[in-house]
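What follows is the residue order along each chain.
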Amino acid sequence: MTRLTHPAQTLLEQLDGFSVQIDTARERADVVLHRPPYNIISMAQRDQLRLVFESLDENPAVRVIVLRAQGEHFSSGGDIKGFLEASPEHVSKLAWNIAAPARCSKPVIAANRGYCFGVGFEISLACDFRLVTETTRYALPEQKLGQIPGSGGSARLQKMVGITRTKDIVMRSRRIPGQQAYEWGVATECVPDAELEAATDRLVDELRAFSPIAQRTAKKLLNDTEDSTLTVAIELEGHCYSRLRSSDDFREGVEAFHGKRTPKFTGS
């Protein structure tokens, strides 16, 4: 494992409530929440998480990023007292910080067990893949505080499950079990709790086998066309497809297919 490097080294050597591990042999970076027992996410931590995802996005040794937590709970949410003390300017940046996994060009996996509430749920929703277990409980409980989700939770959730289910979750502060989240299309996979790490490892290795440039293109295309009309989405898909046809990875993929061998993608 290697430590994260970043121009703002002094700041990142004092990460607030989480750590970063990079396994260069597996081209994997793990962002690990570790403020036991509930991994509450502080206001300062949100800024640092954004910086970390931006740094990992620029790191050529990293192909896939995993967001996970120590202990039996992913995160019970944010530091409530911190909301009262934060300036309006700081609060206005919350959604931008938590959207960092979505802006990252690389695949991001959230491994969620136990409580995944508030901002813990919101940053997981900003990831590309969510792996859950029978212990997972998703919730946006801000109504109990006289508030609403403020970091993209209700907006992202509505895109996934529709307005009726989102109102049920947000306006009633309902907790959604992992299996139900999988059935609703919020989670990518639901596995036994003891198998979460193994399932995460499998997904990391699966994603690493694909072309980096094709993955980056697919993620950006899907994110950019989420709100577009079908006609616009098809048009943009065609442009992306056309550009990838001239890539070295596409040529390698075609040659490997015809040669009945495993392709060796380089990301160019």
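Located above this text is the structure these notes cover.
1. Observations regarding the nonpolar core
Counting residues in each nonpolar core, the largest one holds 40 residues, and the members touching the most others are Val 31, Leu 56, Ile 65 and Val 186. Elements with a minimum of two residues in this core: β1 (18–23), β2 (28–33), α2 (43–58), β3 (64–69), β4 (108–112), α7 (119–125), α8 (153–161) and α9 (163–171). Among all residues touching Val 186, those that are not within four sequence positions of it are Phe 121, Leu 125, Arg 130, Tyr 138, Leu 157, Met 160, Val 161 and Ala 181. Core analysis: the next-biggest nonpolar cluster, separate from the first, contains 11 residues, Val 66, Leu 131, Val 191 and Leu 207 among them.

2. Considering the environment of Glu 72
Relative to the assigned elements, Glu 72 resides in the loop between β3 and α3 (80–85). A relative accessible area of 59% means that Glu 72 is categorised as exposed. With residues up to four places along the chain from it excluded, the contact list for Glu 72 reads Arg 113 and Gly 114.

3. Looking at the side chain of Thr 225
Residue position: Thr 225 is located in the loop between α12 (212–224) and α13 (230–244). Take Thr 225: its relative accessible area is 13%, and that puts it in the buried class. When near neighbours in sequence (up to four residues on either side) are disregarded, Thr 225 contacts Ala 233 and Leu 236.

4. Quick word on the packing of α12 against α13
A packed helix pair is summarised by two numbers, namely the angle formed by the two axes and the spacing between the axes. In the contact formed by α12 and α13, the axes pass within 11 Å of each other and the chain directions differ by 170°. When the axes of α12 and α13 are compared, the pair comes out roughly antiparallel. From α12, Ile 213, Ala 214, Thr 217 and Leu 221 reach across to α13, where they touch Leu 236, Glu 237, Cys 240 and Leu 244. Among the residues forming the contact of α12 with α13, the class breakdown is 6 nonpolar, 1 polar and 1 charged.

5. A look at the pairing of strand β6 (residues 129–133)
Here is the key point about a regular strand: its side chains alternate between the two faces of the sheet. Within β6, 4 of the 5 residues are buried, which leaves the element mostly enclosed by the surrounding structure. As defined by bridge partners, β4 adjoins β6 across 4 bridges and the pair is classed as parallel. Across the sheet, Ala 111 pairs through a bridge with Leu 131, a residue of β6. Sheet topology note: the β6/strand β9 (residues 189–191) ladder contains 3 bridges and is parallel. Note that in β9 the partner of Val 132 across the bridge is Cys 190.

6. Structural notes on the sheet that holds strand β8 (residues 176–177)
Taken in spatial order, the 3 strands of this open sheet run β5-β7-β8, and their pairing is mixed. Of all the strands in the sheet, the pair left with one neighbour each is β5 (115–117) and β8. In this structure, strand β7 (residues 137–139) lies alongside β8, joined through 2 bridges in antiparallel fashion. Residue Tyr 138 lies in a different strand from β8, and its bridge partner there is Ile 176.

7. Describing the sheet that holds β4
One open sheet accounts for 6 strands, arranged β1-β2-β3-β4-β6-β9; its pairing is mixed. Both outer strands of the open sheet, β1 and β9, are each paired with one neighbouring strand and no more. Averaged over all pairs of adjacent strands, the angle between strand axes in this sheet comes to 20°, irrespective of strand direction. The strands that α2 touches are β1, β2, β3 and β4; relative to β1, the one it contacts most, it runs at about 10°.

Reading the values: rules and limits
- Residues numbered from 1 in each chain as written.
- Predicted model: local features only at pLDDT ≥ 70, side-chain atom pairs only at ≥ 80, totals over all residues.
- Heavy atoms only, no water.
- Core = buried A, V, L, I, M, F, W, Y, C linked by side-chain atoms within 4.5 Å.
- Buried < 20%, exposed > 50% of the residue type's maximum accessible area, 1.4 Å probe, protein only.
- Helix = DSSP H or I, 4+ residues; strand = E, 2+ residues; numbered from the N terminus.
- Contact = heavy atoms within 4.5 Å.
- Axes fitted to C-alpha atoms, helices over the stretch in contact; angles between N-to-C directions.
- Parallel < 35°, antiparallel > 145°, perpendicular 65-115°, else oblique.
- Nonpolar A, V, L, I, M, F, W, Y, C, P; charged D, E, K, R; others polar.
- Pairing = 2+ DSSP bridges.

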